[in-house]
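Per-entry structural report
What follows is each chain in one-letter form.
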Amino acid sequence: MTLFDKIVTTACGLTLLVACCKVCEMRTSSGSDGTPFQLRASSPLSQSRSLSLLKDPSTSEVKQHEQELEFVHISMTGGKAIEMVGYQEAGMYWGVCHILSIQAIGCEQPDWKMDWLGPGEDDDDHESKKSKKKQKKFNQEPWLAPPLWMHPNPYEGKKTFTVVRDPYDRVVREYAMFGAAFNVDNDPHDMNEWIQDTLKQVEQAESYPGHFLPQHYYVYGPDDEQVIDYVLRYENLNEEFFELMEKFNIMAALPQKHQIEPSVTFTKDMLSDATIKKINMLYNKDFTMLDYPMVETGKDFQKEE
């Protein structure tokens, strides 16, 4: 097994390995304009994304899939598993299936096209408004963009659901996906150093990332109004997902969480106080708006138990 295969296995679990490898295979190919869609294990921010996938002429005549409920994918919250069971058990085109043809999942008729990804209008519109600075774009996987950042917005008129997660656990999971393969000694110091460096890159990035993007951008609009109809919590994912599927008469159920995310080598109680401080600063609104407890030191995690 190659190093890259091990990373995918760690991040997705054996039950999702085939599908995730297929997605990763597409990420390392080129778009129609020759733009590389490359996933580097060392950093989730080094990926260059292009809208050519969304403007592929092969999808220009494809009729949009009519379905009442749509899924909004936030990274590291079980999204790949939801997209897989959604299609394989109920024929639902959710998340990545709207954007790419994923043979391993079975969804092979992508139907979404967008002209702009980011919290504003397109470049031309903004350049014409000389009083405003040029808007930052969202420049990673299109299916990880918040709904209000998709132009045109394909979620309009649909019921939507998403999954949110404790910000500390989510950041640690990002590390398990992208950085842990190089930490052969499972050293918490290396984990904290990687997380701090990456969060610094997130703050300084010229474009918005898909990974590490604060979750409130997905759930709430610019005036703090909730824009997602059903917000599930990763901590109760199996039960809440099953209840939502029952409500919409969708015959789909998730595998147990240990199959979605089997690795527990790195946990939030391994976060240093300095790392916790950076997470608290970057994800302050996630804690308050999504009702997750914020701590000051790693010792506080033990008090939660």
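Residues numbered from 1 in each chain as written. Predicted model: local features only at pLDDT ≥ 70, side-chain atom pairs only at ≥ 80, totals over all residues. Heavy atoms only, no water.

With that out of the way, let us pick up the pairing of strand 4 (residues 159-164). Summarising burial for strand 4: 5 of the 6 residues are buried, a large majority. Strand direction decides the pairing type here: strand 1 (residues 69-72) and strand 4, joined by 4 bridges, are parallel. Looking at the pairing, valine 72 lines up with threonine 162 of strand 4. Pairing geometry for strand 4 and strand 5 (residues 230-233), over 4 bridges, is parallel. (Buried < 20%, exposed > 50% of the residue type's maximum accessible area, 1.4 Å probe, protein only. Helix = DSSP H or I, 4+ residues; strand = E, 2+ residues; numbered from the N terminus. Pairing = 2+ DSSP bridges.)

Proximity of charged atoms lets side chains of opposite charge pair with each other. All told, the structure shown has 5 salt bridges when counted by the stated rule. Salt-bridge contacts for glutamate 70 lead to lysine 158; the nearest nitrogen and oxygen are separated by 3.7 Å. With glutamate 70 in strand 1 and lysine 158 in the loop between strand 3 (150-151) and strand 4, this pair connects stretches of sequence that are 88 residues apart. Judged by relative accessible area, glutamate 70 falls into the buried class, the value being 0%. (Salt bridge = Lys/Arg side-chain N within 4 Å of Asp/Glu carboxyl O.)

Glancing now at the nonpolar core. In globular proteins that are soluble, nonpolar side chains generally tend to be buried together. Phe138, Tyr168, Ile195, Leu271, Ile279 and Tyr283 are the most contacted members of the largest nonpolar core, which totals 53 residues. Of all the secondary-structure elements, those providing two or more residues to this core are helix 5 (167-178), helix 6 (188-204), helix 7 (216-219), helix 10 (273-282) and helix 11 (284-290). If you tally residues by element for this core, the top one is helix 5, at 6 residues. Ignoring any residue separated from it by four or fewer positions in sequence, one finds phenylalanine 138 in contact with Leu117, Gly118, Leu144, Ala145, Pro146, Trp149, Tyr208, Pro209, Gly210 and Leu213. In terms of nonpolar packing, the next biggest core, distinct from the first, is built from 19 residues, Phe71, Ile82, Leu244 and Ala252 among them. (Core = buried A, V, L, I, M, F, W, Y, C linked by side-chain atoms within 4.5 Å. Contact = heavy atoms within 4.5 Å.)

For the coordinates displayed, the defined rule picks out 1 disulfide. Note that cysteine 97 is cross-linked by a disulfide to cysteine 107, the S-S spacing being 2.1 Å. With the S-S dihedral at roughly -65 degrees, the linkage between cysteine 97 and cysteine 107 falls on the left-handed side. You can see cysteine 97 sitting in the loop between helix 3 (79-90) and strand 2 (116-117) and its partner cysteine 107 sitting in the loop between helix 3 and strand 2, a full 10 residues away along the chain. With respect to class, cysteine 97 is no different from cysteine 107; both count as buried. (Disulfide = S-S within 2.5 Å.)

Another aspect to go through is the packing of helix 6 against helix 10. Two packed helices can be described by the angle between their axes and the distance between those axes. Put simply, helix 6 and helix 10 touch, their axes get as near as 9 Å, and they point 25 degrees apart. Overall, the two elements helix 6 and helix 10 adopt an arrangement that is roughly parallel. Crossing geometry of helix 6 relative to helix 10 is assigned as left-handed. Of the residues in helix 10, those in contact with Asn192, Ile195, Gln196, Leu199, Lys200, Val202 and Glu203 of helix 6 are Ala274, Thr275, Lys278, Ile279 and Leu282. (Axes fitted to C-alpha atoms, helices over the stretch in contact; angles between N-to-C directions. Parallel < 35°, antiparallel > 145°, perpendicular 65-115°, else oblique. Left-handed = near helix turned anticlockwise from the far one by under 90°.)

So, on to the sheet that holds strand 1. Taken together, 3 strands build an open sheet; the order of strands is 1-4-5 and the sheet is parallel. Since the sheet does not close on itself, it has two edges, and those belong to strand 1 and strand 5, each with one partner. Each neighbouring strand pair of the sheet contributes to a mean axis angle of 25 degrees, computed without reference to strand direction. Of the strands in this sheet, strand 1, strand 4 and strand 5 are in contact with helix 8 (residues 237-247), which crosses strand 5 at around 150 degrees.

Time to look at the packing of aromatic side chains. Geometrically, a pair of aromatic rings is defined through the distance of the ring centres and the angle of the planes. Scanning the entire structure with this criterion turns up 14 aromatic pairs. Ring plane angle 70 degrees and centroid distance 6.3 Å describe the contact between phenylalanine 138 and tryptophan 149, whose orientation is recorded as edge-to-face. Placement of the pair is phenylalanine 138 in the loop between helix 4 (123-128) and strand 3 and tryptophan 149 in the loop between helix 4 and strand 3, with a sequence separation of 11 residues. Each member of the pair, phenylalanine 138 as well as tryptophan 149, is classed as buried. Judged by centre distance (6.4 Å) and plane angle (70 degrees), the rings of tyrosine 208 and tyrosine 217 are edge-to-face. We classify tyrosine 208 as buried; its relative accessible area is 18%. Among the residues examined, tyrosine 217 registers a relative accessible area of 31% and is labelled partly exposed. A connected cluster of aromatic rings, assembled from ring pairs, spans Phe71, Trp94, Phe161 and Phe241. Stacked on the ring of tyrosine 234, the Lys or Arg arginine 165 has its end atom at 4.1 Å from the ring centre. The residue whose ring lies beneath arginine 233 is tyrosine 292, and the NZ or CZ to ring-centre distance is 4.1 Å. (Phe/Tyr/Trp six-rings, centres within 6.5 Å; stacked < 30°, edge-to-face > 60°. Lys NZ or Arg CZ within 6 Å of the ring centre and 35° of its normal.)

The next thing to look at is helix 5. The end-to-end C-alpha separation of helix 5 is 17 Å, in line with the 16 Å expected for 12 residues at 1.5 Å each. With respect to burial, helix 5 is a largely interior element, 11 of its 12 residues being buried. At the N-terminal boundary of helix 5, the capping side chain belongs to aspartate 166, with an oxygen 2.8 Å from the backbone nitrogen of tyrosine 168. (Expected span 1.5 Å × (residues − 1). Polar contact = N/O pair within 3.5 Å; in protein donor to acceptor, adjacent residues only side chain to side chain.)

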